[in-house]
Amino acid sequence: MSRDTTDAADRRTLLKLTGGAGLVALSGCLSTTDDGGDGGDGGDGTDGSDGGDGDDGGDSTDPYEIGMVDSQTGSLSSFGERNQRGVNLALRHVNDVGIGGRELDILVEDSESENQGGIAAAQKLVNQDGVPFLIGAVGSGVSLAIYESVVEGTDVVQLSQNSTGLELTNFPGLLRMSPSGLSQANALADLIAEDGYDEVALTYVNNDYGQSLADAFVDAWEGELAYENSHDQDQQSYSGVISEMNSSDAEAWLFITYQAEFATMVNEVFSSGYEAQFYGADSVSGDDVLENTPEGSMDGMKIVVPSAPVEEENFQSFASAFEDEYDRQPTSWAAYAYDCVVNAALAIQAADEFTGEALQETVRRVSGPDGEEVTSFEAASEILADGGGPDDVNYQGVSGPIDFDENGDPIGFLQVQEVQDHDYEGIDFIEG
C-alpha cells in the first residue's frame with residue numbers, strides 16, 4: 001500500500017503507517033506493516049467491527065486513524081527514531097489480529113523537538129485530520145504545550161510516549177506511558193549519597209523537564225549543593241558551565257540535559273583535563289553521546305533511566321521480535337511507544353464508538369487492575385471479542401503494568417546504568 005507524504009521540504013512530514021506488505025525507509029525510521037487479521041465482537045456487548053457504528057466518517061472496513069506527534073528532527077530525534085521502531089512493531093501485532101476486522105493507521109507529524117512545532121503538529125492532527133486519539137510527545141515541555149494549546153477542553157485522548165517531567169502530574173487529563181521523573185530524582189539522590197559523595201555540582205537544561213527534575217533532586221538531596229545552574233539548549237559551547245562546575249570543587253557532577261548538549265559538555269570536560277564522577281538523568285543516555293565523545297571520556301558514569309521489566313516473559317517476547325525485525329535490542333522508549341499503540345487499539349475495540357468521548361471512557365480501563373491479566377494485544381482482543389468489556393481486561397504492557405493513577409501516571413521501573421568501555425551496562429533495577 002502506498003504512503004502519502006507532504007512535500008519533502010516540509011519538515012513536519014506526514015507519515016501514514018498502515019497495513020500492507022514491506023518495509024519502507026522514510027524520515028530516518030522504518031515503517032513496518034503487515035496484513036490485518038480478522039477480529040470479533042467488541043467490548044460492552046457492542047459490535048467491534050463497527051468500532052463507532054460508522055460515526056468515524058469512514059466505511060466500516062476503513063482503518064481506524066489515530067495521530068502521533070513524534071520527534072523526527074531536532075535535539076530529541078534519536079528518541080523519536082526509537083519510538084517509531086516500537087510503533088511499527090505494535091502496528092504489525094495489532095493488524096495481524098485486527099480490531100473487529102479493521103486495521104489501525106497512525107498519522108505521524110514531526111514536533112521538530114520544540115514546543116511550537118509540537119503544537120502545530122497536534123493542530124494538524126486534531127483540527128484537520130480529526131483524530132480522536134493522540135500519542136504525543138517526546139519531551140515533557142512539548143507534551144504539555146500540546147495539551148494546554150490543543151487538547152485541553154476537548155474530548156481527544158492524549159497519551160505521551162516519552163515524558164517524565166514532574167509537572168505533567170498536575171494535568172490528570174494528560175496520560176503518559178513513561179513514569180514521572182520523581183522516582184528518578186529520588187534514585188539519583190540515593191545513588192550519589194551511597195557512592196560516598198556529600199556534595200554535588202548540578203546543571204540542568206532550562207525547560208520544564210530540566211527545571212522540574214532538578215527541583216525534585218534538590219528536594220531529595222541531603223548533602224551540599226556546591227553548584228546549581230541551568231543552561232540553554234542548542235549552544236555551541238558550554239565551557240562556562242563546565243568551568244564553574246570544576247571551580248565548585250565538587251567531586252560528583254550531575255547532568256540533567258539532552259544528548260547533544262551533554263556530548264558537547266563531555267568533550268569540553270575531556271579537552272580541559274577536568275576530572276569528576278559523572279551522574280545523569282535518562283536523557284543523557286544514548287548512541288548519539290557515545291558516537292560523539294572520545295573513548296574513556298565517560299567511563300564510570302552512572303545514569304538512572306526508566307526501564308521495562310526486562311525479566312518478564314512478555315518483555316522478552318517483545319525483545320525477541322524486536323531483535324528479529326531490527327537486529328538490535330529495544331530501549332525502554334521503544335517499549336513505551338509499543339504500549340501506547342496497543343493501549344490505543346484496545347481502547348478502540350472496547351469503545352462503543354470511535355470518538356474521543358468514548359475513548360476517554362475506555363483508555364484507562366483496558367489496562368486497569370480489575371480485569372484478567374493478559375500480556376498481548378491478541379489475548380486482550382479475544383476477551384473483548386467474546387463479549388467482555390473494558391473492565392474485563394488488564395493489559396500488562398511490555399514496559400510494565402499500565403495502571404494509570406488519578407494523575408494519569410503509570411507505575412515505573414528504573415535501571416541504573418554505568419558507562420563501561422564506552423558503552424552502557426545495566427548494574428541495578430529499582431521499582432518506582
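What counts and what doesn't
- Residues numbered from 1 in each chain as written.
- Predicted model: local features only at pLDDT ≥ 70, side-chain atom pairs only at ≥ 80, totals over all residues.
- Heavy atoms only, no water.
- Helix = DSSP H or I, 4+ residues; strand = E, 2+ residues; numbered from the N terminus.
- Buried < 20%, exposed > 50% of the residue type's maximum accessible area, 1.4 Å probe, protein only.
- Contact = heavy atoms within 4.5 Å.
- Areas by Shrake-Rupley, 256 points an atom, 1.4 Å probe, with all protein chains shown as cover.
- Salt bridge = Lys/Arg side-chain N within 4 Å of Asp/Glu carboxyl O.
- Patch = residues over 30% accessible without salt bridge, like charges linked within 9 Å, V, L, I, M, F, W, Y side chains within 5 Å.
- Lys, Arg positive; Asp, Glu negative; His and termini not counted.
- Charge placed at Lys NZ, Arg CZ, Asp CG, Glu CD.
- Pairing = 2+ DSSP bridges.
- Right-handed = clockwise from strand over helix to strand, strands pointing away.
- Core = buried A, V, L, I, M, F, W, Y, C linked by side-chain atoms within 4.5 Å.
- Domains from an automatic or database assignment.
- Axes fitted to C-alpha atoms, helices over the stretch in contact; angles between N-to-C directions.
- Parallel < 35°, antiparallel > 145°, perpendicular 65-115°, else oblique.
- Left-handed = near helix turned anticlockwise from the far one by under 90°.
- Nonpolar A, V, L, I, M, F, W, Y, C, P; charged D, E, K, R; others polar.

Under an unreviewed UniProt entry, the chain has the name Branched-chain amino acid transport system substrate-binding protein and belongs to Halorubrum xinjiangense.

1. Observations regarding the overall build of the chain
The helix and strand inventory of the chain stands at twelve helices and 18 strands. Classification of the 432 residues of the chain by burial places 57% in the buried group. Taking as baseline every contact in the chain between residues at least 6 positions apart, the subset at least 24 positions apart corresponds to 70%. By element, 38% of the accessible surface of the chain is carried by carbon and sulfur atoms, the whole surface being about 16400 Å².

2. Focus on the pattern of salt bridges
Any two side chains of opposite charge can pair, on the condition that their charged atoms come close. Scanning the entire structure with this criterion turns up seven salt bridges. One salt bridge in this structure joins Lys124 and Asp129, with 2.9 Å as the shortest N-O distance. Exposure remark for Lys124: the relative accessible area of 19% places this residue in the buried category.

3. Comments concerning a negative patch on the surface
On the surface, a cluster of negative charge is contributed by Asp287, Asp288, Glu291, Glu295, Asp299, Asp421, Asp423 and Glu425. Per-element accounting of the negative patch gives the leading share, three residues, to helix H8 (residues 287-291). Tracing the backbone shows Glu425 in strand E18 (residues 424-431). Relative accessible area serves as the criterion here: at 36%, Glu425 is assigned to the partly exposed category.

4. Topic: the pairing of strand E15 (residues 393-397)
Most of E15 is tucked away, with five of its five residues classed as buried. The side-chain alternation of E15 yields two buried faces, one formed by Val393, Tyr395 and Gly397 and the other by Asn394 and Gln396. Sheet topology note: the strand E14 (residues 372-374)/E15 ladder contains three bridges and is parallel. Directly across from Val374, in E15, lies its bridge partner Tyr395. In this fold, the crossover linking E14 to E15 by way of helix H12 (residues 377-385) has right-handed handedness.

5. Re the sheet that holds strand E16 (residues 400-401)
Read from one edge to the other, the open sheet built from three strands follows the order E14-E15-E16, with strand pairing classed as mixed. The two strands at the open ends of the sheet, each matched to only one other strand, are E14 and E16.

6. A few points about the environment of Ala185
Topologically, Ala185 is positioned in helix H4 (residues 182-194). Put simply, Ala185 and Ala281 are 96 residues apart on the chain and 8.1 Å apart in space, counted from C-alpha to C-alpha.

7. Some details on unusual backbone geometry
Residues apart from glycine generally show negative phi values, whereas peptide bonds are mostly found in trans. Cis geometry marks the peptide bond from Gly136 to Ala137; its omega dihedral reads 20 degrees. On the secondary structure map, Ala137 appears in the loop between strand E6 (133-135) and helix H3 (140-151). Although it is not a glycine, Asp327 adopts a positive phi angle of roughly 60 degrees. Residue placement: Asp327 occurs in the loop between helix H9 (313-326) and helix H10 (332-350). The exposed category is assigned to Asp327, whose relative accessible area is 73%.

8. Re the nonpolar core
Across soluble globular proteins, nonpolar side chains have a tendency to be buried as a group. Ile66, Leu104, Phe133, Phe217 and Ile256 are the most contacted members of the largest nonpolar core, which totals 84 residues. In terms of residue count, the dominant contributor to this core is H10 (15 residues). Two domains each donate at least three residues to this core, and these are domain 1 (64-178 + 311-362 + 365-403) and domain 2 (181-307 + 414-431). Excluding its chain neighbours within four sequence positions, the residues that come into contact with Ile256 are Leu202, Thr203, Tyr204, Val205, Tyr209, Gly210, Leu213, Ala214, His231 and Ala281.

9. Here's the deal with the packing of helix H2 (residues 115-128) against H3
Taken N-terminus to C-terminus, the directions of H2 and H3 make an angle of 45 degrees; their axes are 8 Å apart at the nearest point. Classed by the angle they form, the pair H2 and H3 counts as oblique. Along this stretch, H2 crosses H3, giving a crossing that reads as right-handed. Every residue of H3 that contacts H2 at Asn115, Gly118, Ile119, Ala122, Gln123 and Val126 is listed here: Gly141, Val142, Ala145, Ile146, Ser149 and Val150. Looking at the contact of H2 with H3 residue by residue, the classes come out as seven nonpolar, five polar and no charged.

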